Amino acid sequence: MTALSVLDLSPIVEGGDARRALLETTELARAAERLGYTRFWLAEHHNMPGIASAATAVALAHVAAATETIRVGSGGVMLPNHAPLVVAEQFGTLEALHPGRVDLGLGRAPGTDGETARALRRYFEAADQFPRDVLELQGYLAPAVEGQRVAAYPGQGSNVPIWLLGSSLFSAELAAQLGLPFAFASHFAPELLLPALRTYREGFRPSKQLERPYAMAAFNVFAADTDAEAQRLSTSMQQAFAAVVTGKPGRLKPPVADITEVLDARQVAAVESRLTYTAIGGRDTVRAKLAEFIGLTGVDEVMVTGMIHDLDARVRSLEITAGAGSGL
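Visitor: Give me the pattern of salt bridges: which residues, what numbers.
Guide: Applying the stated criterion across every chain yields a total of 12 salt bridges. In this structure, the salt-bridge partner of R34 is E319, at a minimum N-O distance of 3.5 Å. A residue pair is termed long-range when its members are at least 10 positions apart, and R34 in helix α1 (residues 18–34) and E319 in helix α11 (residues 311–325) qualify at 285 residues. The class for R34 is exposed, based on a relative accessible area of 55%.

Visitor: Outline empty space enclosed by the protein, listing residues and values.
Guide: Unoccupied space between atoms shows up once a probe the size of one water molecule is rolled over them. One pass over the structure, following the stated rule, counts 1 cavity of 30 Å³ or more. If you go around the largest cavity, you meet 15 residues; those closest to its centre are V6, L28, T305, G306 and L318. Mapped by element, the contributors of at least two residues to the lining of the largest cavity are β1 (3–8), β9 (301–305) and α11. No other element matches the 4 residues that α11 contributes to the lining of the largest cavity. Tallied by class, the residues present in the lining of the largest cavity amount to 9 nonpolar, 4 polar and 2 charged.

Visitor: How would you sum up the pairing of strand β2 (residues 39–42)? Please name residues and give values.
Guide: Of the two faces of β2, the one lined by R39 and W41 and the one lined by F40 and L42 are each fully buried. After leaving β1, the chain enters α1 and then returns to the sheet as β2, a path that is right-handed. Pairing of β2 with strand β3 (residues 71–78) involves 4 bridges; the strand directions are parallel. Counterpart to R39 in the pairing with β3 is R71. After leaving β2, the chain enters helix α2 (residues 56–66) and then returns to the sheet as β3, a path that is right-handed.

Visitor: A description of the layout of surface pockets should follow, citing residues and the corresponding values.
Guide: In this structure, the second largest pocket spans a volume of roughly 310 Å³. Around the second largest pocket, the lining residues are Q138, L141, A142, P143, N159, V160, P161, I162, L178, S207, K208 and Q209. Residues belonging to the lining of the second largest pocket are distributed by class as follows: 7 nonpolar, 4 polar and 1 charged.

Visitor: Give a detailed account of the packing of α1 against α2, specifying residues and quantitative values.
Guide: Axis separation between α1 and α2 bottoms out at 9 Å; the angle between their running directions is 45 degrees. The pairing of α1 with α2 is recorded here as oblique in orientation. Along this stretch, α1 crosses α2, giving a crossing that reads as right-handed. Within the contact between the two elements, α1 uses L22, L23, T25, T26, A29 and R30 and α2 uses A59, H62, V63 and A66. In the contact of α1 with α2, the residues fall into 6 nonpolar, 3 polar and 1 charged.

Visitor: Residue-level account of α11, with values.
Guide: Over its 15 residues, α11 extends 21 Å from the first C-alpha to the last, a length consistent with the 21 Å expected when each residue adds 1.5 Å. The buried fraction of α11 amounts to 11 of the 15 residues, a majority that puts the element mostly inside the structure. Buried residues of α11: L311, A313, R314, V315, S317, L318, I320, T321, A322, A324 and G325, and no others. The residue sitting at the N-terminus of α11 and contributing the capping side-chain oxygen is D310; that oxygen lies 3.1 Å from the backbone nitrogen of D312.

Visitor: Please give an account of the nonpolar core that cites residues and values.
Guide: Residues L104 and L106 are the most contacted members of the largest nonpolar core, which totals 68 residues. The element contributing the most residues to this core is α11, with 6 residues. Every residue in contact with L104, bar those within four places of it in the chain, is listed here: S74, V77, V87, F91, L137, L141, V160, P161, I162 and W163.

Visitor: Please give an account of the packing of aromatic side chains that cites residues and values.
Guide: Applying the stated rule across the entire model yields 7 aromatic pairs. Measuring from centroid to centroid gives 5.3 Å for W41 and W163, while their planes differ by 85 degrees, and the two rings are edge-to-face. Within this pair, whereas W41 is found in strand β2, its partner W163 is found in strand β5 (residues 162–166), the two being separated by 122 residues in sequence. Geometrically, the ring pair formed by Y200 and F204 is edge-to-face, given 5.7 Å between the ring centres and 80 degrees between the ring planes. For the pair formed by Y200 and F204, the shared burial category is buried.

Visitor: Before we move on, could you go through unusual backbone geometry and cite the residues and values that matter?
Guide: Glycine aside, negative phi is the norm for most residues, and most peptide bonds take the trans geometry. A cis amide bond links G75 with the next residue in sequence, G76, at an omega value of 5 degrees. Residue P154 follows Y153 across a cis peptide bond; omega there is -5 degrees. One non-glycine residue, S10, lies in positive phi territory at about 50 degrees. Residue placement: S10 occurs in the loop between β1 and α1. Here the phi dihedral of N159 falls at roughly 55 degrees; this positive angle occurs in a residue that is not glycine. Checked against the element boundaries, N159 lands in the loop between α5 (130–141) and β5. A residue is classified by how much of its surface remains accessible, and N159, at 48% relative accessible area, is partly exposed.

Scoring rules and cut-offs
Residues numbered from 1 in each chain as written. Predicted model: local features only at pLDDT ≥ 70, side-chain atom pairs only at ≥ 80, totals over all residues. Heavy atoms only, no water. Salt bridge = Lys/Arg side-chain N within 4 Å of Asp/Glu carboxyl O. Helix = DSSP H or I, 4+ residues; strand = E, 2+ residues; numbered from the N terminus. Buried < 20%, exposed > 50% of the residue type's maximum accessible area, 1.4 Å probe, protein only. 1 Å grid on protein atoms, 1.4 Å probe; cavity = no way out; pocket = protein on both sides within 12 Å on 5 of 7 lines; lining within 4 Å. Points joined across faces, edges and corners; volume = space filled by probe spheres on them. Nonpolar A, V, L, I, M, F, W, Y, C, P; charged D, E, K, R; others polar. Right-handed = clockwise from strand over helix to strand, strands pointing away. Pairing = 2+ DSSP bridges. Axes fitted to C-alpha atoms, helices over the stretch in contact; angles between N-to-C directions. Parallel < 35°, antiparallel > 145°, perpendicular 65-115°, else oblique. Left-handed = near helix turned anticlockwise from the far one by under 90°. Contact = heavy atoms within 4.5 Å. Expected span 1.5 Å × (residues − 1). Polar contact = N/O pair within 3.5 Å; in protein donor to acceptor, adjacent residues only side chain to side chain. Core = buried A, V, L, I, M, F, W, Y, C linked by side-chain atoms within 4.5 Å. Phe/Tyr/Trp six-rings, centres within 6.5 Å; stacked < 30°, edge-to-face > 60°.

Structure representation (structure tokens):
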């Protein structure tokens, strides 16, 4: 049976604020735990007025404290923005507080625009140092070795599981070389999903963390009691994608009856190209789309996501998806 997990961006809705977004994220995590999802991840983005999870480790601490059993993690921490030692200390602290429940997903992109990236890290070479930084971070989370002069406290010996995330072949190759689990961002970058999975599986080398390849892929889901209502709910995310494409990100807008009323044909086409791997509909529609996606990719785990404006509708979408995915 394919595991199901949840990726949340802690959306800030029009008329709302960051506090509301983070509290709603916590409620969503509680719902995911109740429904039997495997893990609940938050993503790091910066200079995005509609996303409240920029300080990912801080937000995860709140979510973890409000839940009991579900794994919590980053999907991901954008490592070029941070010193590996600091990341090890942050996630070592989370693991100390919530043992056996913490995942550390790492991305190579800055998670923002170029000017903001400069404000975060001051230089652009950090992305090129990503493989070295991953190895350094692994060292801080592993048991200390004789002669080691710099250690992460907390963090050293915590063995927080590291995942590599990506939307291209680079992280797939690196995850294979290092023997790490791999997650692909097919919810917004579908083009290279299948080549990346093939690259990862064919090049995988067993490691202390993982004996055989373990692949996860993200999948957009907008589930509701009817196909028509699900289609309406999906228009909030379509508007958000269009805003990002045009360089004008904002807070998550309410759904509309007809997306063509607020987006032109070119914008609709651009959004649809990003939403290749998406299920929009009631239980039967979602089950069929999930089964098709699992059959196509052969992934071990599907991470569902979907920026829905209303919290009750977000929870209901998770409920329907959990039922639809049962036994797949």
